[in-house]
Amino acid sequence: MSVHSLFVGPPGTGKTTIARLFAKALHEIGFLQKGHLVEVDRSGLVGEYVGQTAVKTSQVLASALDGVLFIDEAYALDANSDNDYGNEAIATILKFMEDNRNRIVVIAAGYPKEMAEFIDLNSGMKS
């Protein structure tokens, strides 16, 4: 079973608060071993130079194992540029999610319009 999720809504609606409670609940029911929440945004995942993004993203993902990775303003990973490393972060996250389906829950959060566009960035995102 996969419980990766999107939390969508305007600022101040409690997306982060609900993610924290969700992580605790998943731990309490035994779905996650630790149930901790790792909060990150674009700057925590994307490197400045070629080769940094995959390493940086992988380190964050590893720190979230057995818990929840909460990506705030996830749509910011798309800079609409082939020279941007955000798409590398997305690909790394999707691969890690598949490989560790029973050990991590990823929650991507953001505003409604932007998140609708974010989901269309990669065909693996919808699944």
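Residues numbered from 1 in each chain as written. Predicted model: local features only at pLDDT ≥ 70, side-chain atom pairs only at ≥ 80, totals over all residues. Heavy atoms only, no water.

Let's shift gears to the overall build of the protein. Along the backbone of the protein there are 5 helices and 4 strands. Along the protein, from the amino end to the carboxyl end, the secondary structure elements read β-α-β-α-α-β-α-β-α. Its C-alpha radius of gyration of 14 Å places the protein within 12% of the 14 Å reference for a compact globule of 127 residues. In terms of principal-axis extent, the alpha carbons of the protein reach across some 40 × 30 × 25 Å. Residue pairs at least 24 apart in sequence account for 73% of intrachain contacts in the protein once pairs closer than 6 positions are excluded. Of the charged side chains in the protein, 11 are positive and 16 negative, and the gap between their average positions amounts to 6 Å. (Helix = DSSP H or I, 4+ residues; strand = E, 2+ residues; numbered from the N terminus. Rg over C-alpha atoms; globule rule 2.2 N^0.38 Å. Contact = heavy atoms within 4.5 Å. Lys, Arg positive; Asp, Glu negative; His and termini not counted. Charge placed at Lys NZ, Arg CZ, Asp CG, Glu CD.)

Once that is clear, we can look at unusual backbone geometry. A positive phi angle, close to 70 degrees, is found at D66, a residue other than glycine. For D66, the location among the structural elements is in the loop between α3 (52–63) and β3 (67–71). Look at E73: it is not a glycine, yet its phi comes out positive at around 50 degrees. By secondary structure assignment, the location of E73 is in the loop between β3 and α4 (86–99).

Quick look at the packing of aromatic side chains now. Tallied over the full model, the rule gives 2 aromatic pairs. Here F7 and F22 contribute two aromatic rings whose centre-to-centre distance is 6.4 Å and whose plane-to-plane angle is 55 degrees, an arrangement assigned as tilted. Residue F7 is located in strand β1 (residues 5–8), and its partner F22 is located in helix α1 (residues 15–28); the two are separated by 15 residues in the primary sequence. On the numbers, 5.7 Å between centres and 35 degrees between planes, the contact of Y75 with Y111 is tilted. Within this pair, whereas Y75 is found in the loop between β3 and α4, its partner Y111 is found in the loop between β4 (104–110) and α5 (112–119), the two being separated by 36 residues in sequence. (Phe/Tyr/Trp six-rings, centres within 6.5 Å; stacked < 30°, edge-to-face > 60°.)

On to the nonpolar core. L45, L69, I71, L77, I93 and F118 are the most contacted members of the largest nonpolar core, which totals 26 residues. Those elements giving two or more residues to this core turn out to be β2 (37–40), α3, β3, α4, β4 and α5. Among residues more than four places away in sequence, those in contact with L69 are V38, V40, V60, L61, A64, I104, V105, V106 and I107. (Core = buried A, V, L, I, M, F, W, Y, C linked by side-chain atoms within 4.5 Å. Buried < 20%, exposed > 50% of the residue type's maximum accessible area, 1.4 Å probe, protein only.)

Looking now at the sheet that holds β4. Strands sit in the order β1-β4-β3-β2 across an open sheet of 4 strands; the sheet is parallel. The sheet terminates laterally at β1 and β2, the two strands that pair on one side only. Averaged over all pairs of adjacent strands, the angle between strand axes in this sheet comes to 20 degrees, irrespective of strand direction. (Pairing = 2+ DSSP bridges. Axes fitted to C-alpha atoms, helices over the stretch in contact; angles between N-to-C directions.)

A few words now on the pattern of salt bridges. A full pass over the atoms with the stated rule returns 5 salt bridges. Ionic pairing is found between R20 and E39, a salt bridge with its closest N-O pair at 2.8 Å. Remark: E39 occurs in strand β2 and R20 occurs in helix α1; sequence separation between them is 19 residues. One salt bridge in this structure joins K113 and E117, with 3.7 Å as the shortest N-O distance. Placement of both K113 and E117 in helix α5 is noted, with a separation of 4 residues, approximately one turn of the helix. (Salt bridge = Lys/Arg side-chain N within 4 Å of Asp/Glu carboxyl O.)

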